[in-house]
Every structure is written in C-alpha cells, then in structure tokens.
Amino acid sequence: MDTTATNQRRNSGLSRVAGARHLSETDIQAFGAEVKRIGNRVMSDLGEQDERYFRRLLAAHRTAEIGGRLIIFAGILHPACFVLGAIILGLAKILDNMEIGHNVLHGQWNWLGDPKIHSSTWEWGGVCPARQWQRSHNMIHHKWTNVIGRDRDFGYEALRVSARQPWKRSHLFQPVTNMMMALFFNWGVAIHDDELADWRAGRRSKASVRPKLRALRNKIARSLGKDYLLFPLLAGPWFLQVFLANMGANLIRNLWAYAVIFCGHFADDVEDFEEADIEDEDKSGWYIRQILGSANIECGPWMHLMSGHLSCQIEHHLFPSMPSRRYQEIAPEIRALCERYGIRYNARPLGAQLFSVWRKIFRYALPPKKQYVPS
C-alpha cells in the first residue's frame, strides 16, 4: 500500500487495527454508510408493535416478581415452594436487569415520551445507582470499547484478558477472582465507577465523591433491606428460609448476567485496542471497532429475551439506543455485510463462547514468556 493510501486510511482511525487492515478508506466509509442506513431504517420504523412489546414485558416482569415472592411464602406450606419461588424471582430479576433496566437506561424507550420509563428517571433493581451506571457504561464503555486503559469494562480492572495488558502477580489468582465476580456480579458493577476507583486509589478526595457514596449507600440499603430484612421478617419463623430463597434469586441473576456479559466482551477472537489504534477515529471506524470488539451468542428466542438481547452484542454496540427486540431483525443483515467486506463477525453458541472466556482467563493468569511491547 502506498503512502497516500496509508494516510487516507488513517482518516478512519483504523490504520493499525488487525481486523481492518485489508480495507481501503473507500471500503470503510462505504461499510459505515450501510450500517448507518440499517440503523436509520429501523429507528424510523418504531411504532405500536414495539410499544406493545415493552408494555407487555413490564407487566410480565411485575407478575413474575410478585408471583415469585408469593410462591416463596407458600414454602411455609410446602418446602418445595421456597425453591420454585426463588427460581421465578430470579428470572424476574434477570428481566429487570437485562431486558428492562439495561435497555431503558440506554434510552431505548425514550421515544415513547413516557417519563416513567425514560432513561433520565428510571431506577432498576440492581445495587448500582442508575445514574452512576449510565456514566461508567454508556459514556465510557460504549465510547472506548476495548481500548486498553480507557475502557474500564475490559477485564473490569481485575482480570487480564489480553496480551496487551501488563501481567501482575495478582493475576495468578484471577481464576478465583473470576469465580467471585460471577457470584457477586451485581456488587462488582456497583463499585466499578471510575471516580470511586480514583478515590480508593487516593487520586480523588472523599468530598468529591461523597454524593456518589451517599447514592450508593442508599441503594445498597434499599436492596439489602428489601430482600434480606423486610420480606424475611414478614415470614416470621420462616425468616431464614425466605432469606435464603431471596439470596438464591440474586445468585441466579448474578450468574446469568456474568455469563452473558463476559461472553459478549471477552470471548475468543474479540479484538482489543490501544489508543494509538483509534487515533482520528471517525464514525465508520467506530462501527468497525464495535464489531471487532464484541461477540454474539447463537441462540433461540427465549434466550434472546432473557439475555436482554445482549446475545446480539454486536448489534447492541452498533446501536445502543435501538430497542433491543429489533437486534434479531438486523443481525442477519449486519452479518452478511461483514462477510461482504471481510470483517470478522463473532457468533457462537453460549457454551463455546463461555468456555473460550474461561480458557482465556486461565491462560492470561500466567506470566507471559515475552512481555507485550506496543508497536
């Protein structure tokens, strides 16, 4: 490639990205235009069917939550109900976390004009306050997807999942750290805020983060009080059984959210980047980075729903504010477009993606034979 062509490709910010080196600047811009066209077409087509879907989803979640808690209390009459109720409540918590909360907070339903389900007012059932999560996730992760040192979601500042990350002694224990993150995933998200991390590291004063600490403390108090105090107390002598059932429901939610999110971000062939790789990145370059830095899960309709449609992680990263139910509709188009331009489209079944994540966590726990040096 001649010098002129190389300089032209730098306009998109992809001159050093492995999965895009074969593309000319003309290809990159044409690809970006087609991706944008797909997004514009869907967003201009939103209407009654989309709203009906979401209203029914809210009703189904409410029914599952109430039903799950009532069935847990029915365990007073039959012990099996404690288990059944915990499973149903766990499924309700998954819906709240994945298909409802995550997507509302992305602004996917702002177009309805309903203040009760607007991204600026919604508060989900997770421990992390919604406004704090929006900053760390929407504003940082989606902007800096997989950029080492900028995307705090890449490895969650605790796991080494790339050769580009410098190895530390603490990484030897990351298989255990990974297991703990799976069990307590909701809590990990709650303390992941970058400004709170700066305070813990001594780079910020406590006064500067006091409002966030107060919001986090209040959210934790409400969450713990509801599941581990209020409802168990209502059960009287069956306090412990209801306490454990609620704990089981939260564990179901945590393990499922961990599996879906880790598969979408850390599976094999997901590419990561240095800041120099995306220098002068434009929108077309950003589209390609989102595709190269994400992975889909091949599955059926039920799992699409329960994953919050993050089984279509690629499409979500391309269009974070598009109602999630539309991702299945556009996924074949995006995949075909990637094949036409020779861009890797990472999609495998859940088991394969999750196994590749765990294999990567064990592999990068060990010290490298040769430390990575940026080119």
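Scroll up to find the structure.
Definitions and limits used
- Each residue is numbered by its place in its chain's sequence as written, counting from 1.
- In keeping with the predicted nature of the model, local features appear solely for residues at pLDDT of at least 70, side-chain atom pairs appear and are counted solely at 80 or more, and the whole-chain, interface and lining totals rest on all residues.
- Excluded from the side-chain calculations are hydrogens and water; all other atoms, namely the structure's heavy atoms, are used.
- The numbering of helices and of strands both runs from the N terminus, where a helix is a DSSP run of H or I of at least 4 residues and a strand a run of E of at least 2.
- In this treatment the radius of gyration is a C-alpha quantity, and the globule benchmark scales as 2.2 Å times the residue count to the 0.38 power.
- Think of it in three bands: residues with accessible area under 20% of the maximum for their type are buried, residues over 50% are exposed, and the middle band is partly exposed, with areas taken using a 1.4 Å probe on protein chains only.
- Working rule for contacts: check all heavy atoms of both residues, and any pair within 4.5 Å makes them a contact.
- The protein chains shown are the only cover counted for residues, whose accessible areas, like all others here, come from Shrake-Rupley with a 1.4 Å probe.
- Counted charges follow a simple rule, with Lys and Arg positive, Asp and Glu negative, and His plus the chain ends left uncounted.
- Charge positions are represented by NZ for Lys, CZ for Arg, CG for Asp and CD for Glu.
- Pairing of aromatic rings covers Phe, Tyr and the six-membered ring of Trp, with a centre-to-centre limit of 6.5 Å; geometry is then stacked below 30 degrees between planes, edge-to-face above 60, and tilted otherwise.
- Note on terminology: a nonpolar core comprises buried Ala, Val, Leu, Ile, Met, Phe, Trp, Tyr and Cys residues joined through side-chain atoms within 4.5 Å.
- To get an axis, a line is fitted to the C-alpha atoms, and for a helix only the part in contact is used. The angle between two axes follows their N-to-C directions and goes from 0 to 180 degrees.
- Working rule for angles: under 35 degrees goes down as roughly parallel, over 145 as roughly antiparallel, 65 to 115 as roughly perpendicular, anything else as oblique.
- To count as a disulfide, a pair of cysteine sulfur atoms needs to be within 2.5 Å.
- A helix's residues, less one, multiplied by 1.5 Å, set its expected span.
- Two distance rules govern patches: like charges are joined within 9 Å, and nonpolar side chains (Val, Leu, Ile, Met, Phe, Trp, Tyr) within 5 Å, applied only to residues with over 30% relative accessible area and no salt bridge.
- The salt bridge definition used is simple: a Lys or Arg side-chain nitrogen within 4 Å of an Asp or Glu carboxyl oxygen.

## Some words on the overall build of the protein
Then comes step 1: Scanning the protein from N- to C-terminus turns up 15 helices and two strands.
Then comes step 2: Against the compact-globule benchmark of 21 Å for 375 residues, the protein has a radius of gyration of 22 Å, which places it among compact chains.
Then comes step 3: With the C-alpha coordinates of the protein rotated into their principal frame, the extents come out at 80 × 55 × 40 Å.
Then comes step 4: Within the protein, the proportion of its 375 residues that are buried is 51%.
Then comes step 5: By sequence separation, contacts in the protein at least 24 residues apart represent 69% of the contacts at least 6 residues apart.
Then comes step 6: With an accessible surface of roughly 17,400 Å², the protein has 62% of that area assigned to carbon and sulfur atoms.
Then comes step 7: The distance from the centre of the 48 positive side-chain charges to the centre of the 37 negative ones in the protein is 7 Å.

## Notes on the packing of aromatic side chains
Then comes step 1: Counted according to the given criterion, the structure contains 16 aromatic pairs.
Then comes step 2: Note on phenylalanine 31 and tyrosine 341: the rings are 5.4 Å apart at their centroids and 75° apart in plane angle, and the pair reads as edge-to-face. Taken together, the residues span a long stretch of sequence, with phenylalanine 31 in helix α2 (residues 25–43) and tyrosine 341 in helix α14 (residues 327–341) at a distance of 310 residues.
Then comes step 3: Judged by relative accessible area, tyrosine 341 falls into the buried class, the value being 14%.
Then comes step 4: Ring centres of phenylalanine 185 and phenylalanine 262 lie 6.2 Å apart, and the angle between their planes is 75°; this geometry places the pair in the edge-to-face category. Taken as a pair, phenylalanine 185 in helix α7 (residues 185–190) and phenylalanine 262 in helix α10 (residues 239–266) lie far apart in primary sequence, 77 residues in all.

## Notes on the nonpolar core
Then comes step 1: Core analysis: the biggest nonpolar cluster contains 47 residues, and Phe54, Trp122, Tyr156, Phe185, Tyr258, Phe262 and Phe266 have the highest contact counts within it.
Then comes step 2: Once residues lying within four places of it in the same chain are set aside, the contact partners of phenylalanine 266 are Asp153, Phe154, Gly155, Tyr156, Val161, Val357 and Lys360.
Then comes step 3: Counting 34 residues, the second-largest nonpolar core is a separate cluster that includes Ile38, Ile278, Cys312 and Ala331.

## With respect to the packing of helix α6 (residues 174–183) against helix α15 (residues 350–363)
Then comes step 1: Running from amino to carboxyl end, α6 crosses α15 at an angle of 140°, the nearest separation of the two axes being 8 Å. Compared by their axis directions, α6 and α15 come out oblique. In contact with Gln174, Pro175 and Asn178 of α6, α15 contributes Trp358, Ile361 and Phe362.

## Comments concerning unusual backbone geometry
Then comes step 1: Its identity as a non-glycine residue notwithstanding, glutamate 157 has a phi of 55°, on the positive side.
Then comes step 2: Relative to the helices and strands, glutamate 157 resides in the loop between α5 (130–141) and α6.
Then comes step 3: Within the chain, aspartate 280 stands out as a residue other than glycine whose phi angle is a positive 65°.
Then comes step 4: Relative to the helices and strands, aspartate 280 is located in the loop between α10 and α11 (283–292).
Then comes step 5: Taking relative accessible area as the criterion, aspartate 280 reaches 56% and is therefore assigned exposed.

## Concerning the state of the cysteines
Then comes step 1: In this structure the tally under the stated criterion is zero disulfides.
Then comes step 2: Distance from the sulfur of cysteine 263, which forms no disulfide, to the nearest cysteine sulfur (cysteine 299) is 11 Å.

## Here we look at helix α3 (residues 48–73)
Then comes step 1: With 26 residues, α3 ought to run about 38 Å at 1.5 Å a step, and its terminal C-alpha atoms sit 38 Å apart, in line with that.
Then comes step 2: Among all positions of α3, only Asp50, Phe54, Leu57, His61, Ala64, Glu65, Gly68, Arg69 and Ile72 are buried.
Then comes step 3: Looking at the buried residues of α3, the elements they touch are α4 (80–105), α9 (206–234), α10 and α12 (301–306).

## Quick notes on the environment of alanine 74
Then comes step 1: Relative to the helices and strands, alanine 74 is located in the loop between α3 and α4.
Then comes step 2: Separated by 98 residues in sequence, alanine 74 and leucine 172 place their C-alpha atoms 45 Å apart.

## Observations regarding the environment of serine 119
Then comes step 1: Here serine 119 is to be found in the loop between α4 and α5.
Then comes step 2: Looking at serine 119, the relative accessible area reads 12%, which means it is buried.
Then comes step 3: Taking the C-alpha atoms as reference, serine 119 lies 22 Å from glutamine 290; in sequence the two are 171 residues apart.
Then comes step 4: The contact partners of serine 119, leaving out residues within four places of it in the chain, are Val104, Leu105, Gly107, Asn110, Arg131 and Gln134.

## Examining a positive patch on the surface
Then comes step 1: Taken together, the side chains of Lys206, Arg210, Arg214 and Arg217 present a region of like positive charge at the surface.
Then comes step 2: Relative to the helices and strands, arginine 214 resides in helix α9.
Then comes step 3: Accessibility expressed as a relative area gives 39% for arginine 214, which makes it partly exposed.

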